[in-house]
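Inside the fold
Spelled out, the chains give:
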Amino acid sequence: MDRWVKPVAGYAKSRYVIILSSVWIVWISEVLSRGNALQTLEWTWRSFAHFGFNVLTVLGFLLLISALTGRPRAAYWSIGSVILIFSWVSGIKLKILHVPLLPWDFLLAGETRDMIPYITNLFTFPILAALIVFLAGSYGLQYRLPHSHVRIYGKERWVLASSSLLLLTFLYTDFPPLQKMLGFETIDYNQADNVKENGFALASLMNVKLLFQNSQDRMDTDTVEAIVGQYQPPTPAGESRPPNVIVVLSESLWDPTVLKDVKFSRDPLEFYHSLQNDYPSGTLLSPQFGGGTANVEFEVLTGLSMRFLPQGSIAYNQYINRPVDSLASILTRQGYTAKAISPFHHWYFNSDKVYEYFGFSQYISMEFLKPVYEGPYIADKEVANVIISETERTEGPAFIFANTMQNHFHYYPGKFKQNTIRVEGRMSEESRGMLETYAQGTKGADDMLRQLVEYFSASEEPTILAFFGDHLPFLGDDYKVYKDVGYLQENDPDFLDKMYRVPVIVWNNYLPNKQEAINLSPSFLGPYILELAKVGGSYYTDYLLDLGRRIPVIPPKDYYVRMGVRDEDLKEYEALQYDILFGEQHGYSGWKDSIVQPGFTLGYDPMILGPFPTEPLVIGQSLPLTAKEASVPIKGRAFAPLSVVYINGKPQPTEWISEQQIVVHPQSDIYKPGQWELQVKILDDKETVIAESETWTVTVSAAEGGGYAGAGTK
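Here the structure is a predicted model, which is why all the values come from computation and not from measurement. (Residues numbered from 1 in each chain as written. Predicted model: local features only at pLDDT ≥ 70, side-chain atom pairs only at ≥ 80, totals over all residues. Heavy atoms only, no water.)

Topic: the nonpolar core
- Tyr316, Phe360, Ile387, Phe399, Tyr482 and Tyr573 are the most contacted members of the largest nonpolar core, which has 192 residues in total.
- Broken down by element, this core gets its largest block of residues, 10 residues, from helix H18 (residues 429-457).
- Aside from chain neighbours lying at most four places away, what touches isoleucine 387 is Ile246, Val248, Ile341, Ile400, Ala402, Met448 and Leu452.
- With seven residues, the next largest nonpolar core counts Phe53, Leu167, Leu171 and Leu202 among its residues. (Core = buried A, V, L, I, M, F, W, Y, C linked by side-chain atoms within 4.5 Å. Buried < 20%, exposed > 50% of the residue type's maximum accessible area, 1.4 Å probe, protein only. Helix = DSSP H or I, 4+ residues; strand = E, 2+ residues; numbered from the N terminus. Contact = heavy atoms within 4.5 Å.)

Focus: the packing of aromatic side chains
- In the structure shown here, the tally under the stated rule is 37 aromatic pairs.
- Ring geometry for tryptophan 43 and phenylalanine 51: centres 6.0 Å apart, planes at 70°, overall edge-to-face. Accessibility assignment for this pair places tryptophan 43 and phenylalanine 51 in one class, buried.
- Relative to phenylalanine 582, the ring of tyrosine 578 has its centre 5.1 Å away and its plane inclined at 45°; by these criteria the two rings are tilted.
- Owing to a relative accessible area of 1%, tyrosine 578 belongs among the buried residues under this scheme.
- Directly above the ring of tyrosine 487 sits lysine 498, whose terminal nitrogen or CZ lies 5.4 Å from the centroid.
- Of note, lysine 686 hangs over the ring of tryptophan 347, and the distance from its end group to the ring centre comes to 3.9 Å. (Phe/Tyr/Trp six-rings, centres within 6.5 Å; stacked < 30°, edge-to-face > 60°. Lys NZ or Arg CZ within 6 Å of the ring centre and 35° of its normal.)

Describing the packing of helix H3 (residues 48-69) against helix H10 (residues 200-211)
- Packing of H3 against H10 leaves a shortest axis separation of 7 Å and a crossing angle of 70°. The angle between the axes of H3 and H10 places the two elements in the roughly perpendicular class. Residues Phe53, Asn54, Thr57 and Val58 of H3 form the contact with H10, whose own contacting residues are Phe200, Ala201, Leu202 and Leu205.
- By residue class, the composition of the contact of H3 with H10 is six nonpolar, two polar and no charged. (Axes fitted to C-alpha atoms, helices over the stretch in contact; angles between N-to-C directions. Parallel < 35°, antiparallel > 145°, perpendicular 65-115°, else oblique. Nonpolar A, V, L, I, M, F, W, Y, C, P; charged D, E, K, R; others polar.)

Thoughts on the pattern of salt bridges
- Under the counting rule described, the total for this entry stands at 24 salt bridges.
- A salt bridge links arginine 432 to glutamate 429, with the shortest nitrogen-to-oxygen separation between them at 3.2 Å. Highlighted residues: arginine 432 and glutamate 429, both in helix H18, separated by three residues, approximately one helical turn.
- By relative accessible area, arginine 432 is classed as buried at 16%.
- A salt bridge links lysine 571 to aspartate 567, with the nearest nitrogen and oxygen atoms 3.1 Å apart.
- By relative accessible area, lysine 571 is classed as partly exposed at 43%.
- Given a relative accessible area of 27%, aspartate 567 falls into the partly exposed group.
- When salt bridges that share partners are traced, they join Lys339, Glu390, Arg393 and Asp605 into one network. (Salt bridge = Lys/Arg side-chain N within 4 Å of Asp/Glu carboxyl O.)

Describing helix H9 (residues 191-198)
- Among all positions of H9, only Gln191, Asn194, Val195 and Asn198 are buried. Buried residues in H9, looked at end-on, bunch into an arc of 90°, giving them a common side.
- Looking one or two residues past H9, glycine 199 carries a phi angle of roughly 90°, positive in sign. (Arc of directions from axis to C-beta.)

Quick look at the pairing of strand S8 (residues 398-403)
- The element S8 is largely enclosed, with a buried count of six among its six residues.
- With five bridges connecting them, strand S1 (residues 244-250) and S8 associate as parallel partners. The residue bridging valine 248 from the neighbouring strand is alanine 402, located in S8.
- In terms of strand pairing, strand S4 (residues 337-341) meets S8 through five bridges, oriented parallel. Bridge pairing in S8 links lysine 339 to isoleucine 400. (Pairing = 2+ DSSP bridges.)

Some thoughts on the confidence of the model for the protein
- Per-residue confidence for the protein averages 86 on the pLDDT scale, and 87% of its residues sit at or above 70.
- With pLDDT under 50 throughout, residues 615-628 is counted as low confidence; its partners more than four residues away or in other chains account for 30 contacts.
- When the criterion is pLDDT under 50, residues 704-711 qualifies, and its contacts beyond four places in sequence or with other chains add up to 32 contacts. (pLDDT = per-residue confidence, 0-100.)

Observations regarding the environment of glutamine 39
- Assignment of secondary structure puts glutamine 39 in helix H2 (residues 37-46).
- Overall, the relative accessible area of 43% leaves glutamine 39 in the partly exposed class.
- Taking the C-alpha atoms as reference points, glutamine 39 and lysine 196, 157 residues apart in sequence, are found 9.7 Å from one another.

Quick word on the side chain of asparagine 207
- Tracing the chain through its elements places asparagine 207 in helix H10.
- Here asparagine 207 is in contact with Leu102, Pro103, Trp104, Thr186, Gln191 and Asn194, once residues within four sequence places are set aside.

Below you can see the structure in the form of structure tokens.
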């Protein structure tokens, strides 16, 4: 026995630094994730088994990299740096959105990039202190302890590589089920608690499994088929003309007048409040706080619920990879034209592909809108203008879904040219500044609602307008403003209602006035609108309409008991959802292949360039090319503000005049007689061409009296 014990003990003695390094990385990462060393000490003592499994997780990666490189010290710095950066970002995200860094966040690199300029307080004193302590401890571990500088050679590298893979496989698969025996659980419906209880490294490993979860395990095919057979699409009630249906998601819309100890110099939602006595209104219980707009869109448009998906996931990026029936496709089957409008990048949250999968025929994104700004974003009034113009140009009934950006985070003073609403009450000046800025943005949303209602009130076309918020605004780390004004208390028993209720109103111009209190989850809003419009739905919307009458609000799972919701009451709903997202889509037979519209268009109508005259031009006609002005006016159709003229394949300085005219200023190497290959393109912020016209060949020659003249053909 001794001949085996001594070599093993000697080997362990020479490699103990790797184990200590794992402990050190875990402890510092927990301090960065939690933002508090005392809380980390308390968790380590209370949940030592969880702490140990986090150490084993980090050790597995340290051993693997050590085996691959042969250098444990290099492995320490690489693994330690990555884990500490991720845990640091996770702590920041927890402060902002109260959800930690999750594996699926890396699917949102582009979306995250646009929000980085608004993140502040990255280097707080506790963070800097933790980093200094980490560097000091690392120096002692890696450079001062005996056996701290070792190399790994030959067979040992193979042994360590095999051992590390076995260890990580054990931790990932939990075989044998030791974690379950110890009471470990992935709290996917509350990721803040998941990280708090399990630790950052172990929780992250557990969450990776959710990315590859076998969704078939959560389906009940017999249940799905029974429900599909029970609910059949109803016959429309026979309105002489189906109403236009307009659904507007207003960014960060919330009613700040619920702050009892805060006084506003004017009501930021004056018009919204004036409508409440005559039209259905109330609140939606949003699945989001401070961000994640796409998830609220997802619920409203599809009737699918984020409550059955891991918290912090983004459905658009992770789960919409095939046609999914939505309000757009449901109404398109009944003669509607479905259009989506967004005043932000077409690629944001994968929207261009998602809207196509949802059955929209057209998606008008920021790249095609006029540059009318309020603050850093396209103004709400411009979105309203596009809604109105698209409704006017649509033959037959229109379904339009639009979101806004004007009141998007951030809310520091200076965002808008002037804050016209003053705030009074006991609070810090920083809180006052954020509230006044938010109130100004909210007034913009209210003005948009007024603009739409006034226009459609004068319209002879029956119209329904649903106007609602997606989530409450982020007003400082750890709910700073909400706490500062006394609205939110520590461990507030009304936390969910206070921080996740957003306003909604459903207005129309043709039905008798009816005051009705709305209290719904966003996934039930679509069936509600379909019933009000008296147009047909689907087996799924009919099911949701019935379920919503019994359980109108689906809270997070940890609120089920206090809100009287039973898990078994939602099993059918969950089974239907998983069939739609991951299964065989049993209810889609007969129209599954008709959801996606073959003519789906990004932007307005296709751009038309020209026509140009086919006979030679003379100075003063429609295409003068004067050396003095060095400009060429070009006429056509559907030009957008981001249109760029290409001559012989090279982009030229372009001035947008209107949808019918642009002016190109050819560069000196282009501005000469010869043949020009003319084409207009629209590029996004990633320099990707998202729309282009046909190409015209224009022959340019010298003209009498100076300058040039040209004639062109396609």
